[in-house]
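What follows is the residue order along each chain.
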Amino acid sequence: MNVANRRIVEFIRDQWVIPMNNNSKFANENNIDEKTVRRIREDTTYQISLVTIQKICEAKELLLYDFFKMVGV
C-alpha cells in the first residue's frame, strides 16, 4: 500500500503541483487546503486521502478509474 501511495503522491506532485509552481493556486483550483499541497510537495511520508484524490480528479475532470490508470496503480 505504501508503494501505491508514493506513486500517487509523486504523480500529483510531478505532473501538476511542481509545474504550476504555486501552492496557493493549486490548492484553490483543486478545492484542497494549501497545507495538503505542501505535504504533497515536501513530505515523503504523506499518506494522501481518497477524498483529496477525488477533489483533484474532480477539478481535473478525471474519473478516478482514469486517474489510477494514469498513475499505474
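Residues numbered from 1 in each chain as written. Predicted model: local features only at pLDDT ≥ 70, side-chain atom pairs only at ≥ 80, totals over all residues. Heavy atoms only, no water.

Another point: unusual backbone geometry. Of all residues except glycine, most have a negative phi; of all peptide bonds, most are trans. Phi is positive for N31, close to 55°, though the residue is something other than glycine. Tracing the backbone through its elements, the reader meets N31 in the loop between α2 (23-30) and α3 (34-42). By relative accessible area, which is 57% here, N31 ends up exposed. Not every positive phi belongs to a glycine, and E61 is a case in point at roughly 55°. Locating E61 in the fold gives a position in the loop between α4 (50-59) and α5 (64-71). Judged by relative accessible area, E61 falls into the exposed class, the value being 75%. (Helix = DSSP H or I, 4+ residues; strand = E, 2+ residues; numbered from the N terminus. Buried < 20%, exposed > 50% of the residue type's maximum accessible area, 1.4 Å probe, protein only.)

Here the focus is the pattern of salt bridges. Applying the stated criterion across every chain yields a total of 3 salt bridges. R6 serves as the salt-bridge partner of E10, at 3.5 Å between the closest nitrogen and oxygen. With E10 and R6 both in helix α1 (residues 2-20) and 4 residues apart, this pair spans about one turn of that helix. We classify R6 as buried; its relative accessible area is 18%. Measuring nitrogen to oxygen at the nearest pair gives 2.8 Å for the salt bridge that ties R13 to D14. (Salt bridge = Lys/Arg side-chain N within 4 Å of Asp/Glu carboxyl O.)

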